[in-house]
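A structural walkthrough
Here is how the chains run, residue by residue.
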Amino acid sequence: MSEHQTELRPPRWLKPMNKMMVTLQRLGIPVGPAMVLTVPGRKSGVPRSTPMTPFDHDGGLYTVAGYPGSDWAANARAAGAGTLRRGRRSRRVRIVELSPEQSRPILRAFAVKVPVGVGFAKRSGLVTDGTPDEFEALAGRLTVFRFDPTV
């Protein structure tokens, strides 16, 4: 089985870390560039909150799923809309999934604009050096979303 066929799993520390980040945001304490996306669960309908690091690129706000097949990405895809929160500020957004072709320039930008995400991808084995070329090659494997403001 090649490295890219191996199922990548999040590290054990990720869930506790995510819970801490969500709690801090709920208390109104922004942590670095992180935001929390809340969407209804696709099966339960119960609100699910996930920390992430959206970034601006060519006038749009984007995020990249850290793992292929992540639950939060499936929930976001199914919901199509959610709430982004940073500290005490929140806003409703429409969630638009990009095609692999549309995601290529966003993945290249991610490699430059989101160092914490690059480090995470290196530690998880998704990339070796974290170059824009390596991230672009993940188009079709990693889900990329654009957050559009709702009116």
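Residues numbered from 1 in each chain as written. Predicted model: local features only at pLDDT ≥ 70, side-chain atom pairs only at ≥ 80, totals over all residues. Heavy atoms only, no water.

If you look the protein up in an unreviewed UniProt entry, it shows as Deazaflavin-dependent oxidoreductase (Nitroreductase family) from Mycolicibacterium frederiksbergense.

Looking at the overall build of the protein
Along the backbone of the protein there are 5 helices and 7 strands. Pairs at least 24 residues apart make up 63% of the contacts formed inside the protein by residues separated by at least 6 positions. For the protein, the exposed surface amounts to about 8,800 Å²; the carbon and sulfur share of it is 53%. (Helix = DSSP H or I, 4+ residues; strand = E, 2+ residues; numbered from the N terminus. Contact = heavy atoms within 4.5 Å. Areas by Shrake-Rupley, 256 points an atom, 1.4 Å probe, with all protein chains shown as cover.)

Quick notes on the sheet that holds strand S3 (residues 55-57)
With respect to topology, 7 strands assemble into an open sheet ordered S2-S1-S5-S6-S7-S4-S3, the strand pairing being antiparallel. If you trace the sheet from one side to the other, it starts and ends with strand S2 (47-52) and S3, each paired once. On average, adjacent strands in this sheet sit at an angle of 40° to one another, irrespective of strand direction. As paired elements, S3 and strand S4 (residues 60-64) share 3 bridges and run antiparallel to each other. What sits directly across from His-57, in S4, is Gly-60. On the sheet, helix H2 (residues 71-79) packs against strand S1 (35-40), S2, S4, strand S5 (81-86), strand S6 (89-97) and strand S7 (144-149) and is oriented at approximately 60° with respect to S1. Where helix H3 (residues 100-113) meets the sheet, its contacts fall on S3, S4, S6 and S7, and the angle it forms with S3 comes to roughly 125°. (Pairing = 2+ DSSP bridges. Axes fitted to C-alpha atoms, helices over the stretch in contact; angles between N-to-C directions.)

Notes on the packing of H3 against helix H4 (residues 115-124)
Between two packed helices, what matters for the description is the angle formed by their axes and the separation of those axes. At a minimum axis distance of 6 Å, the contact between H3 and H4 shows a crossing angle of 100°. Between H3 and H4, the interaxial angle falls into the category roughly perpendicular. Across the interface between the two elements, Phe-110, Ala-111, Val-112 and Lys-113 from H3 touch Pro-115, Gly-117 and Val-118 from H4. Here the contact of H3 with H4 is built from residues that sort into 5 nonpolar, 1 polar and 1 charged. (Parallel < 35°, antiparallel > 145°, perpendicular 65-115°, else oblique. Nonpolar A, V, L, I, M, F, W, Y, C, P; charged D, E, K, R; others polar.)

Side note on the pairing of S2
Pairing of S1 with S2 involves 6 bridges; the strand directions are antiparallel. Residue Met-35 lies in a different strand from S2, and its bridge partner there is Met-52. Between S1 and S2, which follow one another and run antiparallel, lie 6 residues, and Gly-45 among them has a positive phi close to 80°.

Brief notes about the pattern of salt bridges
A full pass over the atoms with the stated rule returns 7 salt bridges. Residues joined by salt bridges that share partners form a network here, namely Arg-94, Arg-146 and Asp-148. (Salt bridge = Lys/Arg side-chain N within 4 Å of Asp/Glu carboxyl O.)

Side note on the nonpolar core
Within the largest apolar cluster, 19 residues are counted, with the highest numbers of intra-cluster contacts made by Phe-55, Val-64 and Phe-135. For this core, the secondary-structure elements that each account for two or more residues are S4, H3 and H4. Dropping the residues within four chain positions of it, Phe-55 is found in contact with Gly-60, Leu-61, Tyr-62, Val-64, Ile-106, Ala-109, Phe-110, Lys-113 and Val-114. With 14 residues, the next largest nonpolar core counts Met-35, Leu-37, Val-39 and Ala-76 among its residues. (Core = buried A, V, L, I, M, F, W, Y, C linked by side-chain atoms within 4.5 Å. Buried < 20%, exposed > 50% of the residue type's maximum accessible area, 1.4 Å probe, protein only.)

Looking at the confidence of the model for the protein
Here the protein averages 85 in pLDDT, while 78% of its residues score no lower than 70. Every residue in residues 1-6 is under pLDDT 50, and counting partners more than four places away or in other chains gives 4 contacts. (pLDDT = per-residue confidence, 0-100.)

Re the packing of aromatic side chains
For the structure shown, the criterion picks out 4 aromatic pairs. Every member of this aromatic cluster is reached through a ring pair, and the members are Phe-55, Tyr-62, Phe-110 and Phe-135. (Phe/Tyr/Trp six-rings, centres within 6.5 Å; stacked < 30°, edge-to-face > 60°.)

Some words on H4
Buried within H4 we find Gly-117, Val-118, Gly-119, Phe-120, Ala-121 and Ser-124. Gly-125 sits one or two positions beyond H4 and adopts a positive phi of about 90°.

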